[in-house]
Amino acid sequence: DFCMKLKNKKQIEFICPICKTKEKIPREIVEMLDEADQHGVDTHVPPRFDCEKCYGKMVPIFYIGVKGKIYKYKE
């Protein structure tokens, strides 16, 4: 099942919408941040990381959140 394959990946690929830099981040770090973000935070916003190349915020290209929300990056 395609969705389970994506869900079981060890790393989540993130992209910076500004400079298009891509980076793989370990799933456990993303999920830990995602879980910590659940308290009083807008769940429409996926877990984000600072881009090391510019001032942007990296977002997941495809990620199924700990609460089951699907985040997909669109240009």
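Description of the structure in this document. (Residues numbered from 1 in each chain as written. Predicted model: local features only at pLDDT ≥ 70, side-chain atom pairs only at ≥ 80, totals over all residues. Heavy atoms only, no water.)

1. Topic: the state of the cysteines
Applying the stated rule across the entire model yields zero disulfides. Between C16, a free cysteine, and C54, which holds the nearest cysteine sulfur, the sulfur-to-sulfur gap is 3.6 Å. The exposure class assigned to C16 is buried, which follows from its relative accessible area of 0%. Classification of C54 by relative accessible area gives partly exposed; the value is 23%. (Disulfide = S-S within 2.5 Å. Buried < 20%, exposed > 50% of the residue type's maximum accessible area, 1.4 Å probe, protein only.)

2. Regarding the environment of G56
Within the secondary structure, G56 is located in the loop between strand 3 (49–50) and strand 4 (57–60). Since its relative accessible area comes to 4%, G56 is described here as buried. G56 sits 36 residues away from K20 along the chain, and the two C-alpha atoms are 9.6 Å apart. Discounting chain neighbours no more than four positions away, the residues touching G56 are C16, I18, F49, D50 and C51. (Helix = DSSP H or I, 4+ residues; strand = E, 2+ residues; numbered from the N terminus. Contact = heavy atoms within 4.5 Å.)

3. Section: the side chain of D34
Among the structural elements, D34 can be located in helix 2 (residues 27–36). In this structure the side chain of D34 is engaged in a polar contact, spanning 2.8 Å, whose partner is the side chain of Y63. Those residues within four positions of D34 in sequence are excluded, and the remaining contacts are P47, Y63, G65 and V66. (Polar contact = N/O pair within 3.5 Å; in protein donor to acceptor, adjacent residues only side chain to side chain.)

4. Quick word on the sheet that holds strand 2 (residues 22–26)
In spatial order, the strands read 2-1-4-3; together these four strands make up an open sheet with antiparallel pairing. Every other strand in the sheet has two partners, leaving strand 2 and strand 3 as the edge strands with one partner each. Judged from the five bridges that link them, strand 1 (residues 11–15) and strand 2 form a sheet pairing that is antiparallel. Residue pairing for strand 2: Q11 is matched across the bridge by P26. (Pairing = 2+ DSSP bridges.)

5. Considering unusual backbone geometry
The backbone of K20 sits at a positive phi, close to 70°, despite the residue not being glycine. Note that K20 resides in the loop between strand 1 and strand 2. With relative accessibility at 36%, the residue K20 sits in the partly exposed group.

6. Considering the packing of aromatic side chains
Scanning the entire structure with this criterion turns up two aromatic pairs. Where F14 meets F49, the ring centres are 5.1 Å apart and the plane angle is 80°; that geometry is what we call edge-to-face. With F14 in strand 1 and F49 in strand 3, this pair connects stretches of sequence that are 35 residues apart. F49 matches F14 in its accessibility class, with the two residues each being buried. Aromatic pair Y63 and Y71: ring centres 6.1 Å apart, planes at 10°, arrangement stacked. Like Y71, Y63 is buried. (Phe/Tyr/Trp six-rings, centres within 6.5 Å; stacked < 30°, edge-to-face > 60°.)

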